Amino acid sequence: MTEPKIQTAAPDQLLPMPEDWQRALAVVAHPDDLEYGCSAAIAGWTDGGRQVTYVLATRGEAGIDTLEPAKCAPLREQEQRASAAVVGVDTVEFLDHKDGVIEYGTALRRDIAAAIRRHRPELVITLNHRDTWGGVAWNTPDHVAVGRATLDAAADAGNRWIFPELTEQGLEPWNGVRWVAVAGSSSPTHAVDATPGIERAVHSLLEHRTYIEVLTDEDPETYCRSFLTGNVEAMAERFGGTPAVPFELFSR
Ligand SMILES: [Zn+2]
């Protein structure tokens, strides 16, 4: 008699994301950063009664070549608020750093630590902080700066002595961040079933209509749908056949 075969996951299989949390804070550089993949997971989470808040470092005012920043900023802010609402996110804040030239440093870490103290999340979400999207697809400096500063600020928020001015402003330390989940990483470790949220994710991305109409000649809805469904379906082979939103999860 042969030994029974032990079922083990293939080494590249992604683990399910933790579910024992109530509040998440997503911190990214630009309007649309969360809509290019992450918002399918967010829709599923808010369905389950969880609270998700967005914080954007900029208003994406340098994102449209044909539109000067002063006119672009309010438009993209409005599109971002609409796109958040589609996936059940009511609170969207902007930190007013400058699009395209966000500087990694203590000012950025302090602003993000303040946001973490205001919202007291257990889960923090950000976008790819690594140099590339994988291979030789170079990332942008804004994403790298905000991603790294968010990973750092998760700890800064809990230390009353790092930014004492925040405590003086009434923002008490919050040491309750248990994980930072990085979307768009080329080294994902975990994933979320995209099925319940994918349709709203398509409509959420579609709210960035001005940006998308400049970006592509394709019909906007066709473009959003094929981009997002293609990505989540490509992850299925690493998540037991289920279309998935991947994250690189850093535990604290
Ligand atoms: Zn971006």
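The rules behind the values
Residues numbered from 1 in each chain as written. Predicted model: local features only at pLDDT ≥ 70, side-chain atom pairs only at ≥ 80, totals over all residues. Helix = DSSP H or I, 4+ residues; strand = E, 2+ residues; numbered from the N terminus. Rg over C-alpha atoms; globule rule 2.2 N^0.38 Å. Contact = placed C-beta atoms within 7 Å. Expected span 1.5 Å × (residues − 1). Buried ≥ 20, exposed ≤ 12 C-beta atoms within 10 Å, placed from the backbone. Pairing = 2+ DSSP bridges. Axes fitted to C-alpha atoms, helices over the stretch in contact; angles between N-to-C directions. Parallel < 35°, antiparallel > 145°, perpendicular 65-115°, else oblique. Left-handed = near helix turned anticlockwise from the far one by under 90°. Nonpolar A, V, L, I, M, F, W, Y, C, P; charged D, E, K, R; others polar.

- Per an unreviewed UniProt entry, the recorded name for the chain is PIG-L deacetylase family protein, and the organism is Streptomyces aureus.

## Quick look at the overall build of the chain
Okay, step 1: When you go through the chain residue by residue, the secondary structure sums to eight helices and eight strands.
Okay, step 2: Taking 2.2 N^0.38 as the reference for a compact globule, 252 residues should give roughly 18 Å; the C-alpha atoms of the chain span a radius of gyration of 18 Å, in line with that estimate.
Okay, step 3: Considered along the principal axes of its C-alpha atoms, the chain spans approximately 70 × 50 × 40 Å.
Okay, step 4: Contacts in the chain between residues at least 24 apart in sequence constitute 79% of all its contacts with a sequence separation of at least 6.

## Some details on the environment of Glu 199
Okay, step 1: By the secondary structure assignment, Glu 199 is in helix H6 (residues 198–206).
Okay, step 2: Spatially, the C-alpha atom of Glu 199 lies 8.2 Å from that of Arg 225, the residues being 26 residues apart in sequence.

## Focus: helix H3 (residues 106–119)
Okay, step 1: The terminal C-alpha atoms of H3, which comprises 14 residues, lie 20 Å apart, in line with the 20 Å expected from a rise of 1.5 Å per residue.
Okay, step 2: Buried residues dominate H3, accounting for ten of its 14 residues.
Okay, step 3: Among the residues of H3, Leu 108, Arg 109, Asp 111, Ile 112, Ala 113, Ala 114, Ala 115, Ile 116, Arg 117 and His 119 are the ones counted as buried.
Okay, step 4: Looking at the packing, one finds that the buried side of H3 touches strand E2 (23–28), strand E3 (51–56), strand E4 (92–94), strand E5 (123–127), helix H4 (141–156) and helix H5 (164–168).
Okay, step 5: Downstream of H3 by one or two residues, Arg 120 has phi in the positive range, about 50 degrees.

## What about H4?
Residue pairs spaced three or four apart in an α-helix point in one direction, given the helix's 3.6 residues per turn.
Okay, step 1: The terminal C-alpha atoms of H4 lie 22 Å apart, and with 16 residues this matches the ideal 22 Å at 1.5 Å per residue to within 8%.
Okay, step 2: For H4, the full list of buried residues reads Asp 142, His 143, Val 144, Ala 145, Val 146, Gly 147, Ala 149, Thr 150, Ala 153, Ala 154 and Asp 156.
Okay, step 3: Those residues of H4 that are buried are in contact with E2, H3, E5 and strand E6 (179–183).

## Details of unusual backbone geometry
Okay, step 1: In this structure, Asp 96 is a non-glycine residue whose phi angle is positive, near 65 degrees.
Okay, step 2: Residue placement: Asp 96 occurs in the loop between E4 and H3.
Okay, step 3: We classify Asp 96 as exposed; it has 11 C-beta atoms within 10 Å.
Okay, step 4: Despite not being glycine, Arg 120 shows a phi value in the positive range, around 50 degrees.
Okay, step 5: Structurally, Arg 120 is set in the loop between H3 and E5.

## Brief notes about the sheet that holds strand E7 (residues 190–193)
Okay, step 1: The strand order E1-E7-E8-E6-E5-E2-E3-E4 describes an open sheet built from eight strands, whose pairing is mixed. Strands at the two margins of the open sheet, each flanked by one partner only, are strand E1 (15–16) and E4.
Okay, step 2: Note that E3 and E4 share three bridges and pair parallel. Bridge assignment links Tyr 54 to a residue of E4, and that residue is Val 92.
Okay, step 3: In the packing of H3 onto the sheet, the strands contacted are E2, E3, E4 and E5, and the crossing angle to E2 comes to about 160 degrees.

## Examining the packing of H6 against helix H8 (residues 220–234)
When two helices pack together, you describe them by how their axes are tilted relative to each other and by the distance separating the axes.
Okay, step 1: The interhelical angle for the contact between H6 and H8, taken along N-to-C directions, is 135 degrees, at an axis separation of 9 Å. Compared by their axis directions, H6 and H8 come out oblique. Two packed elements cross with a definite hand, and for H6 against H8 that hand is right-handed. Residue-level inspection shows Ile 198, Ala 201, Val 202, Leu 205 and Leu 206 of H6 in contact with H8, the latter providing Pro 220, Glu 221, Cys 224, Arg 225, Leu 228, Thr 229 and Val 232.
Okay, step 2: Taken together, the residues of the contact of H6 with H8 sort by class into nine nonpolar, one polar and two charged.

## So, the environment of Thr 126
Okay, step 1: As for its placement among the helices and strands, Thr 126 is situated in strand E5.
Okay, step 2: Setting aside anything within four residues of it in sequence, one finds Thr 126 in contact with Val 27, Val 28, Val 146, Gly 147, Thr 150, Val 180 and Val 182.

## Topic: the packing of H3 against H4
Okay, step 1: Where H3 meets H4, the closest approach of the two axes is 8 Å, and the angle between their N-to-C directions is 55 degrees. Regarding the angle of H3 to H4, the classification is oblique. Viewed along their axes, H3 and H4 form a crossing whose handedness is right-handed. Residue-level contacts link Leu 108, Arg 109, Ile 112, Ala 113 and Ile 116 of H3 to Ala 145, Ala 149, Thr 150, Asp 152, Ala 153, Ala 154 and Asp 156 of H4.
Okay, step 2: Broken down by class, the residue content of the contact of H3 with H4 amounts to eight nonpolar, one polar and three charged.

## Observations concerning the pairing of strand E8 (residues 244–251)
Okay, step 1: Sheet topology places E6 next to E8; five bridges connect them, and they run antiparallel. Counted as the bridge partner of Val 180 is Phe 250 from E8.
Okay, step 2: With four bridges joining them, E7 and E8 adopt antiparallel strand pairing. Note on E8: the bridge partner recorded for Ala 191 is Pro 246.

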